[in-house]
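# Descriptive analysis of the structure
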Amino acid sequence: DGRLTFYPGNQTVNLPFINFMKRYGTVFLNAYTNSPICCPSRAAMWSGLFTHLTESWNNFKGLDPDYVTWMDLMEKHGYHTQKYGKLDYTSGHHSVSNRVEAWTRDVDFLLRQEGRPMVNLTGDRKHVRVMEADWRNTDKAVNWIKEEAVNLTQPFVLYLGLNLPHPYPSPYAGENFGSSTFLTSPYWLEKVNYDAIKIPKWSSLSEMHPVDYYSSYTKNCTGEFTKQEVRNIRAFYYAMCAETDAMLGEIISALRDTGLLKKTIVIFAADHGELAMEHQQFYKMSMYEGSSHVPLLVMGPGIKEQQQVPNVVSLVDVYPTMLDIARIPVPQNLSGYSLIPLLRGKAENEVSPGGPRPSWVLSEFHGCNVNSSTYMLRTSKWKYIAYSDGHSVLPQLFDLTADPDELTNIAMKFPVLVHSLDKILRSIVNYPKVSSSVQEYNKRQFISWKQSLGQNYSNVIANLRWHQDWLKEPKKYENAIDKWL
């Protein structure tokens, strides 16, 4: 959650290396993902293109494997490149269940798809390395810096993709279930200030926006939760952020120890945030701040120190920024703009090579746990969220200055403003048309999957992640799918 890097991070959990980056570099106060889920978000970051252009509709459908990323271009221009850890920007990394849930989101049924969010404390006060796979990748990156990077004659670019702070798979909920366990050790939990944890306000289920209700239900969050449960989920999430910060620290320390820190630009970002029980949801897949607002910090030579940038920016800006750093000509077709003018503290009116940066960012979502394509336009203080074809589902409008927790949808109060924001949104993306092509895609994919199963279809579909609900009335749910088809 990007807000942790400036507010209220300091009160809830200490992130020493994020703070180090703030002190010696620039923090973006309003950085957003272009799609609040893993694979589509990474597709946008690696391609510099909005989601409707990459057609990365769900966690299975990412970039074409032969798409030329900014790293490919940097390699072509003489950079030594190295990747470790989670990449997840081409297709194929997620379960059958994940795909089927995304394809069937227009079906008229409600089925819980995730395990109920819960916490799990592991190990003792000495247990530092909870997410072992991430630590292994961090070690590889550290060793590479100390053994390879330090001896290179050419410039290098190193990418480290971490899984944390991501909830862990919940074994109690069956092997194909979602990741709903917030796991940490006492070592990290002690870094969290429980007293500073805010318990989010919830609307009653009957007052929820219909898309929010669907999300809360499929994420298994509509039951009763005690304040202590909610506080724990949030605390464990912050503890997982502290562990992530320590991995960042290992990289910064390795650069410092090798004398490379002063001549290396370091960028820290995330593919999406975590709602951690805000709006009666956990996970991502939402345009609320917890899910769509991402961290973005940059430090290094030529980057202004102790700078906070209020401009709205997004992950598609990474592509032109990387090319700008490497002095590679930036292609004209990109959705993003180089951050270098902002990072150098240049005035807004100094035109960057790609023309002036727009005063808005776009995020969109087409995957599972949400029963409608969703489009978010974020401008100075407004967040406008449109759904589907623009008229069958009511839009949302939030004034983030007056209502930072996004509790009051004021779309009905300001029809003229909604109209003008919607006009801007439609000038960027013909969203009713995109929504309709996603619906067609979902149907096509589902039909071909169903045909591939033959006689096994009924058994397979009944035993996906939603099996606990499905098996109560299998015929009813199969009929709902037939009706949709």
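Residues numbered from 1 in each chain as written. Predicted model: local features only at pLDDT ≥ 70, side-chain atom pairs only at ≥ 80, totals over all residues. Heavy atoms only, no water.

Per an unreviewed UniProt entry, the protein goes by the name Arylsulfatase K and belongs to Pelecanoides urinatrix. In UniProt, the protein has this text filed under Function (unreviewed entry): "Catalyzes the hydrolysis of pseudosubstrates such as p-nitrocatechol sulfate and p-nitrophenyl sulfate. Catalyzes the hydrolysis of the 2-sulfate groups of the 2-O-sulfo-D-glucuronate residues of chondroitin sulfate, heparin and heparitin sulfate. Acts selectively on 2-sulfoglucuronate and lacks activity against 2-sulfoiduronate." Per UniProt, the protein carries the Sequence similarities (unreviewed entry) text "Belongs to the sulfatase family." (UniProt positions renumbered as here; feature names shortened; annotations may be inferred.)

Right, let's talk about the sheet that holds strand 5 (residues 168–169) for a bit. With mixed pairing, three strands are arranged side by side in an open sheet as 3-6-5. On the outer flanks of this sheet lie strand 3 (118–121) and strand 5, each paired with one strand and no other. Where strand 5 lies against strand 6 (residues 179–184), two bridges are found, and the strand directions are antiparallel. From the neighbouring strand, Pro-169 faces strand 6, where its bridge partner is Ser-179. Here helix 10 (residues 227–257) sits on the sheet in contact with strand 3, strand 5 and strand 6, set at roughly 65° to strand 6. (Pairing = 2+ DSSP bridges. Helix = DSSP H or I, 4+ residues; strand = E, 2+ residues; numbered from the N terminus. Contact = heavy atoms within 4.5 Å. Axes fitted to C-alpha atoms, helices over the stretch in contact; angles between N-to-C directions.)

A separate point is the layout of surface pockets. Here the idea is plain: a probe the size of a water molecule rolls over the atoms and shows the empty space left. By volume, the second largest pocket amounts to about 670 Å³. Lining the second largest pocket are 30 residues, and of these Arg-3, Tyr-7, Lys-198, Pro-404 and Asp-405 sit closest to its centre. When residues of the lining of the second largest pocket are traced back to their parent elements, those giving at least two are helix 1 (9–12), strand 1 (25–32) and helix 10. Looking at side-chain class alone, the lining of the second largest pocket contains 13 nonpolar, seven polar and 10 charged residues. (1 Å grid on protein atoms, 1.4 Å probe; cavity = no way out; pocket = protein on both sides within 12 Å on 5 of 7 lines; lining within 4 Å. Points joined across faces, edges and corners; volume = space filled by probe spheres on them. Nonpolar A, V, L, I, M, F, W, Y, C, P; charged D, E, K, R; others polar.)

Contact geometry of helix 2 (residues 16–24) with helix 10 gives a least axis separation of 7 Å together with a crossing angle of 55°. Classified by the angle their axes make, helix 2 and helix 10 are oblique. Side by side, helix 2 and helix 10 meet where Pro-16, Phe-17, Ile-18, Phe-20 and Met-21 of the first sit next to Asp-245, Leu-248, Gly-249, Ile-252 and Arg-256 of the second. Across the contact of helix 2 with helix 10, the residue classes break down as seven nonpolar, one polar and two charged. (Parallel < 35°, antiparallel > 145°, perpendicular 65-115°, else oblique.)

Using the criterion set out here, one finds 23 aromatic pairs in the structure. Here Phe-109 and Trp-470 contribute two aromatic rings whose centre-to-centre distance is 6.0 Å and whose plane-to-plane angle is 80°, an arrangement assigned as edge-to-face. You can see Phe-109 sitting in the loop between helix 6 (96–103) and strand 3 and its partner Trp-470 sitting in helix 17 (residues 467–470), a full 361 residues away along the chain. Neither residue differs from the other here; Phe-109 and Trp-470 are each classed as buried. Ring centres of Trp-202 and Phe-225 lie 6.1 Å apart, and the angle between their planes is 90°; this geometry places the pair in the edge-to-face category. Of this pair, Trp-202 sits in the loop between helix 8 (186–189) and helix 9 (210–218) while Phe-225 sits in the loop between helix 9 and helix 10, and the two are 23 residues apart along the sequence. Under the relative-accessibility criterion, Trp-202 is labelled partly exposed at 27%. The exposure class assigned to Phe-225 is buried, which follows from its relative accessible area of 11%. (Phe/Tyr/Trp six-rings, centres within 6.5 Å; stacked < 30°, edge-to-face > 60°. Buried < 20%, exposed > 50% of the residue type's maximum accessible area, 1.4 Å probe, protein only.)

For an α-helix the count is 3.6 residues per turn, leaving residues at separations of three or four pointing the same way. Taken as a whole, helix 9 has its buried residues at Val-211, Asp-212, Tyr-214, Ser-215, Ser-216 and Thr-218. For helix 9, the elements touching its buried residues are strand 12 (382–387) and strand 13 (396–399). Where helix 9 ends, the next residue or the one after it, Asn-220, has phi of about 65°, a positive value.

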